[in-house]
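Residues per chain are reported as follows:
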Amino acid sequence: MTPANGQPRNAISTAARQVVEWAGSAWAAAAAVALAVLWLVGGLLGGFTEHWIYILHAVTSVFTFIMVFFVQHTTGRESRAIMLKLDELVRATSGARDELIAAEQRPLHEQEQIEHRVRSRG
């Protein structure tokens with residue numbers, strides 16, 4: 001059970017963000033290239049057996065599967081923060097239409113109606 005202060009949840013969220021940041025770094029790209037070269041050299045020296053290929057597919061599939069969730073979590077967190085900031089700007093700006101606050105949570109047809117009204121007012 002998660003304590004009321006949400007520490008385990010925050011720790012997981014922070015860890016996910018750090019993994020995504022590291023995975024997008026130049027060091028991670030260099031490490032990926034180095035691993036690919038080592039894998040290729042090992043395959044050339046040892047022969048590209050079926051077992052060799054199965055391991056490649058398994059490792060890349062699992063890594064991709066996990067990274068999708070890390071990236072999705074981080075993107076969702078950042079999008080939520082941006083929406084909160086934009087909503088606050090709309091509230092603080094005189095003359096801004098309050099109907100735009102939390103527009104991303106409205107059904108698509110309502111978003112299209114709001115967009116049409118905003119564009120037609122120019």
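That block above? That's the structure.
Residues numbered from 1 in each chain as written. Predicted model: local features only at pLDDT ≥ 70, side-chain atom pairs only at ≥ 80, totals over all residues. Heavy atoms only, no water.

Mapped onto the fold, Asp87 is located in helix 3 (residues 50–92). Buried and unpaired, Asp87 has no salt bridge, with Arg91 as the nearest side chain of opposite charge at 4.8 Å. Excluding residues within four positions of it along the chain, Asp87 makes contact with Leu100, Ile101 and Ala102. (Helix = DSSP H or I, 4+ residues; strand = E, 2+ residues; numbered from the N terminus. Buried < 20%, exposed > 50% of the residue type's maximum accessible area, 1.4 Å probe, protein only. Lys, Arg positive; Asp, Glu negative; His and termini not counted. Salt bridge = Lys/Arg side-chain N within 4 Å of Asp/Glu carboxyl O. Contact = heavy atoms within 4.5 Å.)

With that settled, consider the packing of aromatic side chains. Following the criterion strictly, the structure yields two aromatic pairs and no others. Ring plane angle 25° and centroid distance 4.3 Å describe the contact between Trp39 and Trp52, whose orientation is recorded as stacked. With Trp39 in helix 2 (residues 26–46) and Trp52 in helix 3, the pair connects residues that are 13 residues apart, well separated along the chain. Taking 5.0 Å as the distance between ring centres and 75° as the angle between the ring planes, the aromatic pair formed by Phe65 and Phe69 counts as edge-to-face. One end of the pair, Phe65, and the other, Phe69, are both in helix 3, four residues apart, so they sit about a helical turn from each other. The same class applies to Phe65 and to Phe69, which are both exposed. (Phe/Tyr/Trp six-rings, centres within 6.5 Å; stacked < 30°, edge-to-face > 60°.)

Once that is clear, we can look at the layout of surface pockets. Volume-wise, the largest pocket comes out at about 520 Å³. Sorting the residues of the lining of the largest pocket by element identifies helix 1 (7–23), helix 2 and helix 3 as the ones contributing at least two each. It is helix 2 that provides the largest number of residues to the lining of the largest pocket, a total of seven residues. (1 Å grid on protein atoms, 1.4 Å probe; cavity = no way out; pocket = protein on both sides within 12 Å on 5 of 7 lines; lining within 4 Å. Points joined across faces, edges and corners; volume = space filled by probe spheres on them.)

Next up on the list: helix 3. Three- or four-residue spacings in an α-helix give side chains the same orientation, since the helix completes a turn every 3.6 residues. With 43 residues, helix 3 should reach 63 Å at 1.5 Å per residue; the first-to-last C-alpha distance of 63 Å fits that figure. When helix 3 is considered as a whole, its buried residues turn out to be Met67, Thr74, Asp87 and Val90. The inward-facing, buried residues of helix 3 abut helix 1. (Expected span 1.5 Å × (residues − 1).)

A few words now on the packing of helix 1 against helix 3. How two helices sit against one another is set out by the angle between their axes and by the gap between those axes. Packing of helix 1 against helix 3 leaves a shortest axis separation of 9 Å and a crossing angle of 110°. With respect to their mutual orientation, helix 1 and helix 3 come out roughly perpendicular. Two secondary-structure elements touch here, helix 1 through Ser13, Thr14, Ala16, Arg17, Val19, Val20 and Ala23 and helix 3 through Met67, Phe70, Val71, His73, Thr74 and Arg77. Tallied by class, the residues present in the contact of helix 1 with helix 3 amount to seven nonpolar, four polar and two charged. (Axes fitted to C-alpha atoms, helices over the stretch in contact; angles between N-to-C directions. Parallel < 35°, antiparallel > 145°, perpendicular 65-115°, else oblique. Nonpolar A, V, L, I, M, F, W, Y, C, P; charged D, E, K, R; others polar.)

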